[in-house]
Amino acid sequence: MNITDRYRIQVVAGARPNFMKVAPLVRELKSRSEIEVSLVHTGQHYDQGMSADFFADLGIPEPDINLEVGSGSHAQQTAKIISSFEPVLMKFNPQVVVVVGDVNSTIACALVAVKLGIEVAHVEAGLRSFDRDMPEEINRIMTDSIAHYLFTTEPEANKNLLAEGIPDSKIFLVGNIMIDTLVANLSKSDAVPIIEELGFKEYSSRFGLLTLHRPSNVDDKKTLERIFDALREIASLLPIVFPVHPRTKARLDEFGLSGQLTTENGFWCCRPLGYLETLHLCKRSTMVLTDSGGIQEETTYLGIPCLTIRENTERLITVTRGTNTLVGRNPQRILTYANQILMGGGKKGKIPDKWNGRTARRIVDILINSLDKQ
Ligand code: UD1
């Protein structure tokens, strides 16, 4: 094949939860001689610990372009991505743009592509929390409504898409690409010295891991206080490692809650951790308390009980088949489920179908097959 005959595929990543999804995809695309791949980083996340550390941990090549959009209101950030991505896309002129997940970069770049008549592939399509107050839910619905290829992680996502009138021919149940990354990095994560760095060795056989960053949980003082009412009780029974997201750090400081989060009170707060560090802790934890999307799936794969501090989840299979329990924001409910785990309970769960490390290969096969037919 002549180099100029190669299919061009542009992959977009913008924020922390995107990086573990593009890593296996870029690797797989680069391994195919018929494809020329370009990686765009929108710069939605930009701190070392929120971005560059993930590229290093996951061996993602340097992006071909970084749009460096940075933070802002949703409108500002989305608008900036749209206007700076357009010329980049026109220059590379790919046959397909691949977007992943549900962040502002996902919808912004999908929108630019379809308006230029370029096909969009959405990886992690069809997930629905049915909560339109979540910015991610709007991003998911909009991206799915304009995408040409909808790659899903679980059967429920297929159902959601069909119910929204998306033709079956566009929907492909390929499994969970984040699990490709987890499988590839699990043994590598064993050697990471994060427990030593945290000075946590004596507690390392029994601890909880906490992540919290959803605006609906952290931006309102009363809500955040109530969540920490429960977490303080849990931390008095089980030491909790808490990597603090920048949004959460700002709110904890603003609401005067940071002072409570001491090691005497059972909290081991630290910077946002890298991928391998988080995986190392997750795999060894007694339970995970989180409002993250991806961590619900990672704990299901690892068989670790997960309490999700949200009223809903878009990742239903983690509840119906995996180790996840939706505990909401009621302190009593959070405590009840945490106590069950501490007393030896907690869901055992099973690994969902096709969460086995081969999702990137399935996606790339489908794309090439479809481009060959055009
Ligand atoms: C974004 C995603 C969310 C994802 C989360 C993971 C959207 C709508 N939201 O939310 O789905 O779960 O990322 O982290 O796309 N900040 C830094 N350094 C950074 C990035 C952000 O300090 O590298 C600070 C900024 O002050 C910013 C705040 O964190 O205002 C929030 O960042 P932003 O990207 O707006 O939203 P997230 O809450 O991170």
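Read on for a plain summary of the structure. Keep in mind that what you see is a predicted model, and the values were worked out from it rather than measured. (Residues numbered from 1 in each chain as written. Predicted model: local features only at pLDDT ≥ 70, side-chain atom pairs only at ≥ 80, totals over all residues. Heavy atoms only, no water.)

Let's talk about empty space enclosed by the protein
Inference 1: In this structure the tally under the stated criterion is one cavity of 30 Å³ or more.
Inference 2: Put simply, the largest cavity is a space of about 50 Å³.
Inference 3: Here the residues of the lining of the largest cavity are counted per class, giving six nonpolar, three polar and two charged. (1 Å grid on protein atoms, 1.4 Å probe; cavity = no way out; pocket = protein on both sides within 12 Å on 5 of 7 lines; lining within 4 Å. Points joined across faces, edges and corners; volume = space filled by probe spheres on them. Nonpolar A, V, L, I, M, F, W, Y, C, P; charged D, E, K, R; others polar.)

Brief notes about the site of the ligand
Inference 1: Around the ligand sit 17 residues, and of these Gln-44, Asp-47, Glu-136, His-213 and Arg-247 come closest.
Inference 2: A distance of 2.9 Å is found between an oxygen atom of the ligand and a backbone nitrogen or oxygen belonging to Asn-104.
Inference 3: Take His-213: an N or O atom from its side chain is 2.8 Å from an oxygen atom of the ligand.
Inference 4: Considering the ligand on its own, with 740 Å² of exposed area, one finds that the protein chains cover 83% of that surface.
Inference 5: Structurally, the ligand is housed in the largest pocket.
Inference 6: Secondary-structure elements contributing two or more residues to the shell around the ligand are helix 1 (16-30) and helix 11 (246-254).
Inference 7: Along the lines of polarity and charge, the residues of the shell around the ligand split into five nonpolar, seven polar and five charged. (Near = heavy atom within 4 Å. Polar contact = N/O pair within 3.5 Å; in protein donor to acceptor, adjacent residues only side chain to side chain. Areas by Shrake-Rupley, 256 points an atom, 1.4 Å probe, with all protein chains shown as cover. Sits in = over half its atoms within 2 Å of the grid points. Helix = DSSP H or I, 4+ residues; strand = E, 2+ residues; numbered from the N terminus.)

With respect to helix 6 (residues 155-163)
Inference 1: Where helix 6 is concerned, the buried positions are Ala-157, Asn-158, Asn-160 and Leu-161. Seen end-on, helix 6 carries its buried residues on one side only, within an arc spanning 160°. Of the exposed residues in helix 6, those oriented more than 90 degrees away from the buried face are Lys-159 and Ala-163.
Inference 2: Summarising the contacts, the buried residues of helix 6 are in contact with helix 5 (135-146), strand 6 (149-152) and strand 7 (171-173). (Buried < 20%, exposed > 50% of the residue type's maximum accessible area, 1.4 Å probe, protein only. Arc of directions from axis to C-beta. Contact = heavy atoms within 4.5 Å.)

Regarding the layout of surface pockets
Inference 1: Here the largest pocket is characterised by a volume of approximately 1200 Å³.
Inference 2: Every residue lining the largest pocket is counted, 48 residues in all, and those nearest its centre are Arg-16, His-45, Met-50, His-213 and His-245.
Inference 3: Looking at the lining of the largest pocket, the elements that each hand over two or more residues are helix 1, helix 2 (48-58), helix 3 (74-92), helix 5, helix 11, helix 12 (275-284) and helix 13 (294-302).
Inference 4: If one sorts the elements of the lining of the largest pocket by residue count, helix 1 sits on top with five residues.
Inference 5: In terms of residue class, the lining of the largest pocket is built from 20 nonpolar, 19 polar and nine charged.

Let's talk about the sheet that holds strand 13 (residues 324-326)
Inference 1: Taken in spatial order, the six strands make up an open sheet running 10-9-8-11-12-13, and their pairing is parallel. The two strands at the open ends of the sheet, each matched to only one other strand, are strand 10 (267-270) and strand 13. Taking the axes of each pair of neighbouring strands and ignoring which way they run, one obtains an average angle of 20° across the sheet.
Inference 2: Pairing analysis gives three bridges linking strand 12 (residues 306-308) to strand 13, with the strands arranged parallel. Counterpart to Leu-307 in the pairing with strand 13 is Thr-325. (Pairing = 2+ DSSP bridges. Axes fitted to C-alpha atoms, helices over the stretch in contact; angles between N-to-C directions.)

Let's talk about the packing of helix 4 (residues 104-115) against helix 5
Inference 1: The geometry of helix 4 relative to helix 5 is characterised by a closest axis approach of 9 Å and an angle of 25° between their N-to-C directions. Taken together, the axis directions place helix 4 and helix 5 in an arrangement best described as roughly parallel. Handedness of the helix 4/helix 5 crossing: left-handed. Between helix 4, through Asn-104, Thr-106, Ile-107, Ala-110, Leu-111 and Val-114, and helix 5, the contact on the second element is made entirely by Asn-139, Met-142, Thr-143 and Ile-146.
Inference 2: Its residues assigned to classes, the contact of helix 4 with helix 5 comprises six nonpolar, four polar and no charged. (Parallel < 35°, antiparallel > 145°, perpendicular 65-115°, else oblique. Left-handed = near helix turned anticlockwise from the far one by under 90°.)

Side note on the packing of helix 3 against helix 4
Inference 1: Following both chains from N to C, one finds helix 3 and helix 4 inclined at 45°, their axes separated by 9 Å at the closest point. Between helix 3 and helix 4, the angle is such that the two are oblique. Pair helix 3 / helix 4 crosses with right-handed handedness. Here His-74, Gln-77, Thr-78, Ile-81, Ile-82, Phe-85, Glu-86 and Leu-89 of helix 3 come into contact with helix 4, specifically with Asn-104, Ser-105, Ala-108, Cys-109, Leu-111, Val-112 and Ala-113.
Inference 2: Here the contact of helix 3 with helix 4 is composed, by residue class, of nine nonpolar, five polar and one charged.

Section: the environment of Leu-161
Inference 1: Of note, Leu-161 is situated in helix 6.
Inference 2: Given the relative accessible area of 0%, Leu-161 is considered buried.
Inference 3: Contact partners of Leu-161, with chain neighbours within four places excluded, come to Ala-125, Gly-126, Arg-128, Asp-144, Leu-150, Thr-152, Ile-166 and Ile-171.

By themselves these figures say nothing about function.
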